[in-house]
Amino acid sequence: MAPSAIIVGAGLGGSLLAHFLGQRGWSVRVFERRGDPRARGYVGGRSINLAISARGLHALERASLDREVREHGIRMPGRMLHARDGQTAFVPYSADPTRAIMSFSRSALNMLLIRAAAQHPNVELTFDHRCTGLDERAGTATFEGPGGARVDATADLVVGADGAFSAVRAHMEKRERFDYSQHSLAHGYKELSIPPVAAGPHAPFAMDPKALHIWPRGGSMMIALPNPDGSFTCTLFWPYEPVPGKDEASFAAVPDGQAALERFRREYADAVPLMPELVAEYDRNPIGSLVTIRCWPWAMGGRFALLGDAAHAIVPFYGQGANASFEDCEALVDALERHPGDVARAIDEYQHERKPNADAIADMALDNFVEMRDRTAHFGFKLKKKLDHALNRLMPRAFVPLYDLVSFTTVPYAAARERARRQDRIVLDAAIALGALLVVGAGVAAAWLKGGAS
Ligand SMILES: Cc1cc2nc3c(=O)[nH]c(=O)nc-3n(C[C@H](O)[C@H](O)[C@H](O)COP(=O)(O)OP(=O)(O)OC[C@H]3O[C@@H](n4cnc5c(N)ncnc54)[C@H](O)[C@@H]3O)c2cc1C
């Protein structure tokens, strides 16, 4: 008999995993809390578009689904930095101009994955069903459908792919020796938009679409990613509360759209003429929270496992959350293939392989917030990127900058971070040695000249 799986959540990770397992002949049942987006349209609680990079594309390629993203996604080979005075500077992501991250619609991606999973006769998708509990001993997951109807389901493998506020994880938390931490950022986010324009150098785009736009403002920032219809989705990252002693924007200090407009005229002046709906959108759109969630173990009872944000929600500043969820799917199916008939062993190997990498990208995503909102505004940032790219061009194998390792390779996150640290130490040591050599050389030359003159 074919092995069976229950997947809780038909988000990005859950639907890709269903497709992968469906391809491999598993009998799969997916239960999703929301309605079927194919019938009712997509209701997303998160960002409108996503940056998909090498890791996500690699997983989608294995699922034969990368073509759509490559064809319809918008290439962003660099960041466009917007200074307070409206000056812009383009800083490429890589020394290799062919490398780019892709802006793609979250709803289109989720629909693509759901359709791919649904095409397998051995995959059954059930919408409007919320997971309400697990029974570890019986190996069942319980769901509540419309009108409170209860469904108990069992399978060889039960995967919680139900996002940052996972019901599956909530059940695992009740167990002894389960580690859990949730760190909320002092910043929240609000989505705004820049609509298409009829004329201009980039029409229908109001700005250059071949970049991820950043307005770094020290303690806060705004970013904008292009959409295929010519619009941009902007995300404002501001602290919830005012920061004592600093005249910085915060959601509490800027309570409504009119106040936001005034603030924007001071801080994001070049964006104001491009945002005709700013006041209404600021009033209407909710403030989303940003969390880092870490937990351990990810596997329980030899059949229950966590995947994606349910196991490791991270802040979005490296654009890697969905990419990491897709990598989880690959790691899990690889482990299941290595151990046919032994789900317990496979999920144990999967969790040990992925946990250090999830921790590494969680840390790097937090660090990248400081880089994006603050360091990008400084001359030193552009200089460091130029130096990184020059070294990479000089020694393409020996020196690969961290951003390239994370976004343009599939080197495991933890190994990428370690390698970048090693490289930076070598560069620093070389710079110190060179500096010392120059000082000594200058001293010797001065002494020689002095000797020659006397
Ligand atoms: C503002 C913002 C911007 C982001 N930008 C990027 C980016 O540029 N690039 C990137 O790679 N990542 C980005 N991310 C992260 C990315 O959105 C997540 O990492 C990704 O969606 C995780 O996929 P997932 O399948 O684990 O969870 P989700 O996509 O959240 O899917 C979880 C699914 O489970 C369902 N569900 C929840 N509870 C239950 C239940 N009890 N029963 C049944 N179903 C349930 C939900 O309805 C949902 O469909 C961003 C996140 C945010 C907040």
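That block above? That's the structure.
These notes cover the structure that comes with them. (Residues numbered from 1 in each chain as written. Predicted model: local features only at pLDDT ≥ 70, side-chain atom pairs only at ≥ 80, totals over all residues.)

### Comments concerning the overall build of the chain
Move 1: A tally of helices and strands in the chain yields 14 helices and 19 strands.
Move 2: Rg of the C-alpha trace for the chain: 25 Å, near the compact-globule value of 22 Å for 454 residues, within the 12% margin.
Move 3: With the C-alpha coordinates aligned to their principal axes, the bounding extent of the chain is approximately 95 × 55 × 45 Å.
Move 4: In the chain, which comprises 454 residues, the share counted as buried stands at 42%.
Move 5: Of the contacts formed within the chain by residues at least 6 apart in sequence, a portion of 68% connects residues at least 24 apart. (Helix = DSSP H or I, 4+ residues; strand = E, 2+ residues; numbered from the N terminus. Rg over C-alpha atoms; globule rule 2.2 N^0.38 Å. Buried ≥ 20, exposed ≤ 12 C-beta atoms within 10 Å, placed from the backbone. Contact = placed C-beta atoms within 7 Å.)

### Thoughts on the packing of helix H1 (residues 12-23) against helix H10 (residues 321-338)
Move 1: Running from N to C, H1 and H10 point in directions that differ by 30°, and their axes come no closer than 9 Å. Judged by the angle between their axes, H1 and H10 are roughly parallel. For the pair H1 and H10, the crossing hand works out as right-handed. Seen from H1, the contacting residues are Leu12, Gly13, Leu16, Leu17, Phe20 and Leu21; seen from H10, they are Ala322, Ser325, Phe326, Asp328, Cys329, Leu332 and Val333.
Move 2: Along the lines of polarity and charge, the residues of the contact of H1 with H10 split into 10 nonpolar, two polar and one charged. (Axes fitted to C-alpha atoms, helices over the stretch in contact; angles between N-to-C directions. Parallel < 35°, antiparallel > 145°, perpendicular 65-115°, else oblique. Left-handed = near helix turned anticlockwise from the far one by under 90°. Nonpolar A, V, L, I, M, F, W, Y, C, P; charged D, E, K, R; others polar.)

### Considering the pairing of strand E2 (residues 27-31)
For a regular strand, side chains alternate in direction, first toward one face of the sheet and then toward the other.
Move 1: Counting buried positions over the five residues of E2 gives four, a clear majority of the element.
Move 2: Pairing of strand E1 (residues 4-8) with E2 involves five bridges; the strand directions are parallel. In the sheet register, isoleucine 6 faces E2, and the bridge partner there is arginine 29.
Move 3: With respect to chirality, the unit in which E1 leads through H1 into the neighbouring parallel E2 is right-handed.
Move 4: Sheet analysis places E2 next to strand E8 (residues 123-126), joined by four bridges and oriented parallel. Across the sheet, residue valine 28 finds its bridge partner in E8, namely valine 123. (Pairing = 2+ DSSP bridges. Right-handed = clockwise from strand over helix to strand, strands pointing away.)

### With respect to the sheet that holds strand E3 (residues 49-52)
Move 1: If you trace the three strands from one edge of the open sheet to the other, you get E3-E7-E4, paired in antiparallel fashion. With partners counted over all chains shown, the strands left at the sheet margins are E3 and strand E4 (74-76), one partner each. In this sheet, neighbouring strand axes are inclined to one another by 30° on average, regardless of whether the strands run parallel or antiparallel.
Move 2: Each of E3 and strand E7 (101-105) is contacted by helix H5 (residues 106-118), which is oriented at about 80° to E7, the strand it contacts most.

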